[in-house]
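So the chains spell out like this:
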Amino acid sequence: MVQETAHHAAGYCQRIATATGTTPVYIATPRNSLLSVGVSKYSRSQVIAKKVLYKRKPAGAVAVCPAAANKTVEVKGAKNGGSRVIAAAKAPRFYAAEDVATPKKNRKHAGVAKLRSTIVPGTVLILLAGRYRGKRVVFLKQLESGLLLVSGPFKVNGVPLKRVNQAYVIATSTKVELDAAKIDAQLNDAYFARTKAAKKAATEEAFFEGEKKKEPLAENKVALQKSTDKVILEAVNKVEHLRQY
């Protein structure tokens, strides 16, 4: 039996002709056949290009209309029940030729991570990633975003006030008696928010100016860093050799 492939009017089919010269038989086969388990012949982008899916417009947001109330009609006759309910929204007589794409509802929402039991205010943590990886810091509190507020303090090892994900720290058994009430309430997620600079049109003068100098830290943030370091150092100095640790 001889097998040949050809394009048929109904799609990509496989033409099988017998050796006796009879009329060829067309057997429909999938366009994107499997080469092996889980591996298709065409990639996702190739399938989109073949089906011309990039020309289809995405379905926009559909305005929700208030549901109309059903209508009750009186029916004459003793054996007809007296009344009949007529549905306000009837089923359509005709349906669209093409399927209307509807956006998938996302029921997931980001929650605040639960704080590990080994991390309490005053715990000495070891940073595992970032610019200060390998440094030891003191945990102050957990912010509303779930991130940890830590500090070196800056005067001891150069680690400033920063937010850290608890997945990238190691909690040690060393702890200091830290008074959480002395931590300033200004230290929240809004404190670490960055101001977006306004975009300016590219000019020839701006190109030759080169990189701009980094702006110094605001005075209020410097004062807040010093006051927080003072609270931490009071607790650190109570433990012998902890400052060198």
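Calculation notes
- Residues numbered from 1 in each chain as written.
- Predicted model: local features only at pLDDT ≥ 70, side-chain atom pairs only at ≥ 80, totals over all residues.
- Heavy atoms only, no water.
- UniProt positions renumbered as here; feature names shortened; annotations may be inferred.
- Core = buried A, V, L, I, M, F, W, Y, C linked by side-chain atoms within 4.5 Å.
- Buried < 20%, exposed > 50% of the residue type's maximum accessible area, 1.4 Å probe, protein only.
- Helix = DSSP H or I, 4+ residues; strand = E, 2+ residues; numbered from the N terminus.
- Contact = heavy atoms within 4.5 Å.
- Phe/Tyr/Trp six-rings, centres within 6.5 Å; stacked < 30°, edge-to-face > 60°.
- Lys NZ or Arg CZ within 6 Å of the ring centre and 35° of its normal.
- Patch = residues over 30% accessible without salt bridge, like charges linked within 9 Å, V, L, I, M, F, W, Y side chains within 5 Å.
- Areas by Shrake-Rupley, 256 points an atom, 1.4 Å probe, with all protein chains shown as cover.
- Salt bridge = Lys/Arg side-chain N within 4 Å of Asp/Glu carboxyl O.
- Expected span 1.5 Å × (residues − 1).
- 1 Å grid on protein atoms, 1.4 Å probe; cavity = no way out; pocket = protein on both sides within 12 Å on 5 of 7 lines; lining within 4 Å.
- Points joined across faces, edges and corners; volume = space filled by probe spheres on them.
- Nonpolar A, V, L, I, M, F, W, Y, C, P; charged D, E, K, R; others polar.

As annotated in an unreviewed UniProt entry, the protein chain is Large ribosomal subunit protein uL6 N-terminal domain-containing protein from Linnemannia exigua. Quoted verbatim from the Sequence similarities (unreviewed entry) heading of the UniProt record, the comment on the protein chain is "Belongs to the eukaryotic ribosomal protein eL6 family."

**Notes on the nonpolar core**
In terms of nonpolar packing, the biggest core is built from 17 residues, with Leu140, Leu149, Leu178 and Leu187 touching the most fellow members. Elements represented by at least two residues in this core include exactly β9 (136–142) and α4 (219–236). No other element matches α4, which puts five residues into this core. Each residue touching Leu149, except ones within four places of it in the same chain, is listed here: Val138, Phe139, Leu140, Lys141, Leu143, Leu161, Lys162, Leu187 and Phe192. Core analysis: the second largest hydrophobic core is formed by 11 residues, Ile119, Leu125, Tyr132 and Val164 among them.

**Things to note about the UniProt feature "domain: Large ribosomal subunit protein uL6 N-terminal" (unreviewed entry) in the protein chain**
In the numbering used here, UniProt assigns the feature "domain: Large ribosomal subunit protein uL6 N-terminal" (unreviewed entry) to residues 29–58. What you have in residues 29–58 is 27% helix and 17% strand, and the ends, taken at the C-alpha atoms, are 29 Å apart.

**Observations concerning the packing of aromatic side chains**
Under the defined criterion, the tally for this structure stands at one aromatic pair. Judged by centre distance (5.0 Å) and plane angle (90 degrees), the ring pair of Tyr191 and Phe192 falls under edge-to-face. Like Phe192, Tyr191 is buried. The ring of Tyr42 carries the charged tip of Lys50 above its face, separated from the ring centre by 4.6 Å. For Lys221, the ring lying beneath its charged end belongs to Tyr191, and the centroid distance is 5.1 Å.

**Regarding a nonpolar patch on the surface**
Together, Ile48, Val52, Leu53 and Tyr54 make up a nonpolar patch on the protein surface, roughly 330 Å² of accessible area in all. Relative to the helices and strands, Val52 is located in the loop between α1 (44–51) and β6 (71–74). Judged by its relative accessible area of 32%, Val52 is partly exposed.

**Some thoughts on α4**
The end-to-end C-alpha distance of α4, which contains 18 residues, comes to 25 Å, matching closely the 26 Å that a straight helix rising 1.5 Å per residue would cover. The set of residues buried in α4 consists of Leu224, Gln225, Thr228, Asp229, Val231, Ile232, Leu233, Ala235 and Val236. Buried residues along α4 sit against β9, β10 (148–151) and α2 (154–157).

**Some thoughts on unusual backbone geometry**
The step from Gly152 to Pro153 runs through a cis peptide bond, and the omega angle for that step is 5 degrees. Within the element layout of this structure, Pro153 appears in the loop between β10 and α2. Its identity is not glycine, yet Val52 carries a phi of approximately 55 degrees, on the positive side. Phi is positive for His241, which is not a glycine, with a value near 65 degrees. Along the polypeptide, His241 turns up in the segment after α4. With relative accessibility at 59%, the residue His241 sits in the exposed group.

**Examining the environment of Tyr42**
Locating Tyr42 in the fold gives a position in the loop between β5 (39–40) and α1. Residues Tyr42 and Asn32 lie 10 residues apart in sequence; the distance between their C-alpha atoms is 5.9 Å. Setting aside its immediate chain neighbours within four residues, Tyr42 contacts Arg31, Asn32, Val47 and Lys50.

**A short note on the layout of surface pockets**
Space inside the largest pocket adds up to approximately 1,400 Å³. If you trace the largest pocket, you find 26 residues lining it, with Arg194, Lys214, Glu215, Leu217 and Lys221 closest to the centre. For the lining of the largest pocket, the secondary structure elements donating two or more residues are β11 (162–164) and α4. In terms of residue count, the dominant contributor to the lining of the largest pocket is α4 (five residues). Residues belonging to the lining of the largest pocket are distributed by class as follows: 12 nonpolar, two polar and 12 charged.

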